[in-house]
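The primary structure of each chain is shown beneath.
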Amino acid sequence: MEKIKALKGTYDILPEDAYKWDYIEKTAKEVCRDFGFDEIKIPVFEYTDLFARGVGDTTDVVQKEMYTFTDKGGRSITLRPEGTAGTVRSVLEHSLLAGALPIKLFYLITCYRNEKPQAGRYREFRQFGIEAFGSSDFRIDAEIISLAMEFFARLGLKGLTLNINSIGCPECRAKYNKALKEFLAQKYDNLCPTCKTRFDKNPMRILDCKDPSCGELVKDAPVLLDYICDECQEHFAGVKHTLDLLGIEYNIDTGIVRGLDYYTKTVFEIKSDSLGAQSTVCGGGRYDGLVEQLGGHPTPGIGFGLGLERLLLTMQAQGIEIPGKPKPKIFVCELGDKAVDYGVKIVADLRKKGISAVRDCMGRGLKAQMKYADKIGAEYTIVIGDNEIEAGKCALKHMESGESQEIILNEIDKYLRKG
Ligand code: HAM
């Protein structure tokens, strides 16, 4: 019978790699704890309307990339393409904003986008994201960016570039959109069909169209940063000042518009020089209008999403070794029927003491048991047979050094090195 394969753009995390994800997630959690962010877990699917309203119905994500289906109750449901909209929905549903502000949250989630798969771009991918609600202070913008940088630093990453920009508030945007439309008017006929619909509704979206011919047309388009109002300029100056204060290097990239509609003022992207075309490891920014747009009181917000596959690819490209590959502490080799019963009890006893202990479950001979112990990377082995049981003693072998010592069978745990 033909074997069923995983869907294009999805992949399995096999046991030999799973610990790497644990390590990255553990590091993310530790950094978040140090910055005062708490974890939130949100559903994989939501009403489609949440993303249409939150992410924006003229974005590529909503127009082209969502996994949307009708459930048995006739509801339109979408697999989350990102985490911000769901987090805002949850924060509002549970009135978290009624508590002490700011509300600082993080999540580790899978996301789903029907994009063309390539290196660093998947249809199911993982994000580490953070969101802070309630503060319009420019210092929190810098704090959010510094959290991402600290996370990268703790993982030992190098060669990352932070690019920042301001895309202003709705008032700046109105002025800018007018100028952009004037610029694009002569090029209208050559825009892709999607961008033609964007021209009136949301011309800024044309700037990040993935169609290369649209990219060519907008090359000399007016720059949003030239149109931002005094207040937005002051805010941006404050962000830059705070980044300077923290010693975080950055470039101003006036080309950053971000692919989602909710952004206001500060936007940023962190790129890795170890990746190919999909080099943006982290993207985020301020979204001061989103909470209101999703039915809450006006509340500023800011956050980022960090692609964990791209992060891991960068770590691998930079040869960063990830600690924590789980290996059994001890393998118990058994010789004879009596020893098998004894071995079953020994491993059970060690496991109760929190020591990872493994025995043969295949009825193999001693040589094959040892070979298997070596293969699974057991730190120690013991061999028990009738003689050992009678004497109450056995030889404990440290596999790496090959050193052996005689130990008391009932006290194995006392002889094992910690860790
Ligand atoms: P985003 O820029 O759409 O922003 O995604 C954030 C990161 O997720 C990207 O920089 C990239 O590393 C990763 N990513 C996106 N799409 C894929 C894909 N198909 N395959 C692999 N990795 C991918 C957001 O999602 C916003 N919610 C971020 C945010 C949070 N802004 C404010 N708060």
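Throughout what follows, the structure given in this document is the object of discussion. Everything numeric in this text was worked out from a predicted model, so none of it was measured.

So, how was this worked out
Residues numbered from 1 in each chain as written. Predicted model: local features only at pLDDT ≥ 70, side-chain atom pairs only at ≥ 80, totals over all residues. Heavy atoms only, no water. Helix = DSSP H or I, 4+ residues; strand = E, 2+ residues; numbered from the N terminus. Buried < 20%, exposed > 50% of the residue type's maximum accessible area, 1.4 Å probe, protein only. Pairing = 2+ DSSP bridges. Near = heavy atom within 4 Å. Polar contact = N/O pair within 3.5 Å; in protein donor to acceptor, adjacent residues only side chain to side chain. Nonpolar A, V, L, I, M, F, W, Y, C, P; charged D, E, K, R; others polar. Core = buried A, V, L, I, M, F, W, Y, C linked by side-chain atoms within 4.5 Å. Contact = heavy atoms within 4.5 Å. Phe/Tyr/Trp six-rings, centres within 6.5 Å; stacked < 30°, edge-to-face > 60°. Lys NZ or Arg CZ within 6 Å of the ring centre and 35° of its normal. Axes fitted to C-alpha atoms, helices over the stretch in contact; angles between N-to-C directions. Parallel < 35°, antiparallel > 145°, perpendicular 65-115°, else oblique.

Relative to the helices and strands, Gln369 is located in helix H13 (residues 366-375). On the accessibility criterion, Gln369 (2% relative accessible area) is buried.

A regular strand carries its side chains on alternate faces of the sheet. Of all seven residues that make up strand S11 (residues 301-307), seven are buried, and the element is covered over most of its length. Burial along S11 is two-sided: the face carrying Gly301, Gly303, Gly305 and Gly307 and the face carrying Ile302, Phe304 and Leu306 are both buried. Here strand S6 (residues 124-133) pairs with S11 via seven bridges, running antiparallel. Of the residues in S11, the one forming a bridge with Phe128 is Leu306. The sheet contact formed by strand S10 (residues 280-286) and S11 spans five bridges and is antiparallel. Considered in S11, the bridge of Gly283 is made with Gly305.

Okay, the site of the ligand next. The local shell around the ligand holds 27 residues, among which Glu82, Glu115, Glu131, Arg258 and Tyr263 are the closest. At 2.8 Å from a nitrogen atom of the ligand is found a side-chain nitrogen or oxygen belonging to Glu131. Going through the elements one at a time, S6, S10 and S11 are the ones with two or more residues in the shell around the ligand. Grouping the amino acids of the shell around the ligand by side-chain chemistry returns 10 nonpolar, 10 polar and seven charged.

Core analysis: the biggest nonpolar cluster contains 96 residues, and Phe128, Phe151, Phe152, Phe304, Leu306 and Leu311 have the highest contact counts within it. Top contributing element to this core by residue count: helix H5 (residues 138-155), with nine residues. Look past the residues within four positions of Leu306 in its chain and what remains in contact with it is Arg126, Gln127, Phe128, Phe151, Phe152, Val281, Cys282 and Leu311. By size, the runner-up hydrophobic cluster in this structure holds 18 residues, among which are Leu350, Tyr380, Ile407 and Leu409.

Summed over all chains, the structure comprises 11 aromatic pairs. Here Phe151 and Phe152 contribute two aromatic rings whose centre-to-centre distance is 6.0 Å and whose plane-to-plane angle is 40°, an arrangement assigned as tilted. In this structure, Phe151 and Phe152 share a single accessibility class: buried. Through a chain of ring-to-ring contacts, three or more aromatic side chains come together here, namely Phe106, Phe128, Phe151, Phe152 and Phe304. Over the ring of Trp21 we find Arg126, and its NZ or CZ is 5.6 Å from the ring centre. Over the ring of Tyr372 we find Arg364; its NZ or CZ atom is 4.4 Å from the centre of that ring.

This part takes up unusual backbone geometry. In this chain, Leu101 is followed by Pro102 through a cis amide linkage whose omega measures -5°. Among the structural elements, Pro102 can be located in the loop between helix H4 (84-93) and strand S5 (103-112). The phi dihedral of Arg258 falls on the positive side, at around 70°, and the residue is not glycine.

The interhelical angle for the contact between helix H1 (residues 15-35) and helix H11 (residues 308-317), taken along N-to-C directions, is 105°, at an axis separation of 11 Å. Classified by the interaxial angle, the pair formed by H1 and H11 is roughly perpendicular. Side by side, H1 and H11 meet where Lys20, Trp21, Tyr23 and Ile24 of the first sit next to Leu308, Glu309, Leu311, Leu312, Met315 and Gln316 of the second. Grouping the amino acids of the contact of H1 with H11 by side-chain chemistry returns seven nonpolar, one polar and two charged.

If you walk across this open sheet you meet the three strands as S2-S4-S3, and the pairing is antiparallel. Pairing within the sheet leaves two strands with one partner each, and these edge strands are strand S2 (45-47) and strand S3 (68-70). On average, adjacent strands in this sheet sit at an angle of 35° to one another, irrespective of strand direction. Across three bridges, S3 lies against strand S4 (residues 76-79) in antiparallel orientation. Each bridged residue has a counterpart across the sheet, and for Phe69 the counterpart in S4 is Ile77. In the packing of helix H2 (residues 48-56) onto the sheet, the strands contacted are S2, S3 and S4, and the crossing angle to S2 comes to about 80°.

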